[in-house]
Amino acid sequence: MILYDSPIFGPVKSRRLGVSLGINLLPKDGKWCSFDCIYCECGLNSESHATASLPTKEQVVERLIEKLREMKAEGVCPDVLTFAGNGEPTLHPDFTDIVKAVREVRDEWCPSAKISILSNSTRVHIPQVREALLLFDNPIMKLDTVSASYISDIDRPVGQYDVKRTIEGLKAMKGKCIIQTMFMKSTDGRADDLSEEYVGPYLQQLKEIAPRSVMIYTIDRATPVKTLEKASHEELDAIAARIRELGLECSVSY
Ligand code: SF4
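### Quick word on the site of the ligand
Okay, step 1: Taken together, the residues surrounding the ligand are Cys33, Phe35, Asp36, Cys37, Cys40, Cys42, Gly87, Glu88, Asn120 and Lys142.
Okay, step 2: Here the shell around the ligand is composed, by residue class, of five nonpolar, two polar and three charged.

### Quick look at the pairing of strand β2 (residues 18-23)
Okay, step 1: Looking at chain direction, β2 and strand β3 (residues 80-83) are connected through four bridges and run parallel. The residue bridging Ile23 from the neighbouring strand is Phe83, located in β3.
Okay, step 2: Taken together, β2, helix α1 (residues 57-73) and β3 form a β-α-β motif whose crossover is right-handed.

### Quick look at helix α7 (residues 233-245)
Okay, step 1: The end-to-end C-alpha separation of α7 is 18 Å, in line with the 18 Å expected for 13 residues at 1.5 Å each.
Okay, step 2: All of the buried residues in α7 are Leu236, Ile239 and Ile243. For α7, the angular spread of the buried residues around the axis is 65°, confining them to a single face. Exposed positions of α7 whose direction lies more than 90 degrees from the buried face are His233, Glu234, Ala241, Arg244 and Glu245.
Okay, step 3: Next to the buried residues of α7 lie α6 (196-209), β8 (213-217) and β10 (249-253).
Okay, step 4: Looking one or two places after α7, you find Gly247, whose phi comes out positive at around 90°.

The rules we used
- Residues numbered from 1 in each chain as written.
- Predicted model: local features only at pLDDT ≥ 70, side-chain atom pairs only at ≥ 80, totals over all residues.
- Near = placed C-beta within 6 Å.
- Nonpolar A, V, L, I, M, F, W, Y, C, P; charged D, E, K, R; others polar.
- Pairing = 2+ DSSP bridges.
- Helix = DSSP H or I, 4+ residues; strand = E, 2+ residues; numbered from the N terminus.
- Right-handed = clockwise from strand over helix to strand, strands pointing away.
- Expected span 1.5 Å × (residues − 1).
- Buried ≥ 20, exposed ≤ 12 C-beta atoms within 10 Å, placed from the backbone.
- Arc of directions from axis to C-beta.
- Contact = placed C-beta atoms within 7 Å.

See the structure below:
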């Protein structure tokens, strides 16, 4: 299980994002998420024993400037400031104000850096949250499949969730979102979104969402459910080719 420091962690060199300085709006000692994915590197929600409070906007700004000052002294500038960490960043009650404050810090301290977010899309249907997501250079939004039952088994939403509502929210981002999709299988048949039953309807919805690009990936580290397996290079390449046939850019992380 991996937990990230809060409110700032890294910098880390990411496969997809370059030198990324992380911003974690969740508690540093536990996970807080509106999904409970069986592949989550932060562990299952039931294993979380978070006691720390959420960072305030002031703490985020102060620690971010401190870290950027430190990096500048070493001659390093982040390529990206990434909202991610121990759960879903949009759950923070001051999410919008924090995003605006981080943009101001970026403009002053590292204007060339992009601001990204890894969001699970569970709150994209809420207009205020969507507006805040649109303030990001790279709003990277999770959509693992469009099958409600697969999402219920694998992403395991906490509380009410409606995939159609999520898809409408992603469409309302009007081509500015980047869709991120996990493909994997398992030895016990519990997970497998590589078959046509899932890929066909997913491609159909991608076409309608018309995102700026698509990132597909597979499990990379230890997962809480031990039967999960990586999708193969060939399987991912075949799906990427079909996404590109739709006229969409697609990157693959194996
Ligand atoms: S959405 Fe991300 S943080 Fe939340 S449970 Fe899934 S993998 Fe973990």
